[in-house]
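Given next are the chains, with one letter for each unit.
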Amino acid sequence: MTEKEMIFRADRAIASGAYEKAWQKEREEEEELSLHGVPLQLPERVEVGGRWVETEGLRPLCYTDGTERPGPVLLDIHGGGFVEGTPGADDELCHFFHKRLNIVVVSLDYRKAPAFPYPAALEDIAAQISWLCRERPWGIEPEQIFLMGHSAGGNLAAAYCLLAAGKGLAMPAVQILNYPYLDLQMSCLERPDLPEAIDPYLMEVFRRA
């Protein structure tokens, strides 16, 4: 498949609305699952750097049993190419870190492309972190935030730190980037074609969405 053909197919798939439908189904199915995390109630909107971000509809998951001492919090950002995935996708991982480290863990939520393209997801991450630092539930210490992201979530974790540095927002003490999707400019056909890697066509869908 040539790059031109791949771009054409990716654009057709995005325009079909299939990814919006798939993500909505994923959200609905998650509500039926028995997860370790419990939904964290957010306000309808949060002030971030002098502007308001609507947070109604976001459903981050919290992992706490009330026995943790005030202190660090691990914030997790799931992957999914910016077009799929939910906070519950990392349920077992977040539960593991909560139990192993005896700290509060929050799996953050964000709106998905192509219905909500950049910078919607980054705004959502910034709003949730800002709210947590301002409200300090469970005795969270804003200067002890561990921010972890996987794939597209790694992109958002890195992008948030750049945003925080420029806007004076809460800066994580630790940044953990797990196979972050950082280069959205390079053609997907130019990337190393590894057996364990995501198919170049699907990567092109993520990139163009």
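Just above, that's the structure.
Criteria and cut-off values
- Residues numbered from 1 in each chain as written.
- Predicted model: local features only at pLDDT ≥ 70, side-chain atom pairs only at ≥ 80, totals over all residues.
- Heavy atoms only, no water.
- Helix = DSSP H or I, 4+ residues; strand = E, 2+ residues; numbered from the N terminus.
- Rg over C-alpha atoms; globule rule 2.2 N^0.38 Å.
- Buried < 20%, exposed > 50% of the residue type's maximum accessible area, 1.4 Å probe, protein only.
- Contact = heavy atoms within 4.5 Å.
- Areas by Shrake-Rupley, 256 points an atom, 1.4 Å probe, with all protein chains shown as cover.
- Expected span 1.5 Å × (residues − 1).
- Pairing = 2+ DSSP bridges.
- Axes fitted to C-alpha atoms, helices over the stretch in contact; angles between N-to-C directions.
- Parallel < 35°, antiparallel > 145°, perpendicular 65-115°, else oblique.
- Left-handed = near helix turned anticlockwise from the far one by under 90°.
- Nonpolar A, V, L, I, M, F, W, Y, C, P; charged D, E, K, R; others polar.

Engineer: I tried to follow the overall build of the protein on my own but got confused; where do I start?
Structural biologist: For the protein, the count of helices and strands is six helices and eight strands. For the protein, whose C-alpha radius of gyration is 17 Å, the value lies close to the compact-globule estimate of 17 Å for 209 residues. Structurally, the protein occupies a C-alpha span of about 55 × 40 × 35 Å along its principal axes. Burial status across the protein gives 45% buried among its 209 residues. Taking the contacts inside the protein whose residues are at least 6 apart along the sequence as the reference set, 73% of them involve residues at least 24 apart. In the form shown here, the protein has an accessible surface area of approximately 11,000 Å², with 54% of it arising from carbon and sulfur atoms.

Engineer: What am I meant to see in helix α4 (residues 120–135) here?
Structural biologist: Its 16 residues place the ends of α4 22 Å apart at the C-alpha level, agreeing with the 22 Å of an ideal helix rising 1.5 Å per residue. Summarising burial for α4: 13 of the 16 residues are buried, a large majority. Residue Arg-136 follows α4 closely and has a positive phi angle near 50°.

Engineer: Honestly, the sheet that holds strand β7 (residues 145–150) in this entry has me stumped. Any pointers?
Structural biologist: As a general point, the strands of a sheet are linked pairwise by backbone hydrogen bonds and lie either parallel or antiparallel. Ordered by their spatial adjacency, six strands build an open sheet running β1-β4-β6-β5-β7-β8, and the pairing between neighbours is mixed. The strands lining the two open edges of the sheet, one partner per strand, are β1 (38–39) and β8 (174–178). Two elements, strand β5 (residues 73–77) and strand β6 (residues 104–108), share five bridges in a ladder whose sense is parallel. Across the sheet, Ile-77 pairs through a bridge with Leu-108, a residue of β6. Running over the sheet, helix α5 (residues 152–167) touches β5, β7 and β8 and is turned about 140° from β7.

Engineer: How should the packing of α4 against α5 be read in this particular structure?
Structural biologist: A pair of packed helices is captured by two measures, namely the crossing angle of their axes and the spacing between those axes. Relative to each other, α4 and α5 sit at 65°, their axes nearing to 10 Å. For the element pair α4 / α5, the angle class is roughly perpendicular. In terms of crossing hand, the pair formed by α4 and α5 is right-handed. From α4, Ala-121, Leu-122, Ile-125, Ala-126 and Ile-129 reach across to α5, where they touch Leu-156, Ala-159, Tyr-160 and Leu-163. Residue composition of the contact of α4 with α5, grouped by class: nine nonpolar, no polar and no charged.

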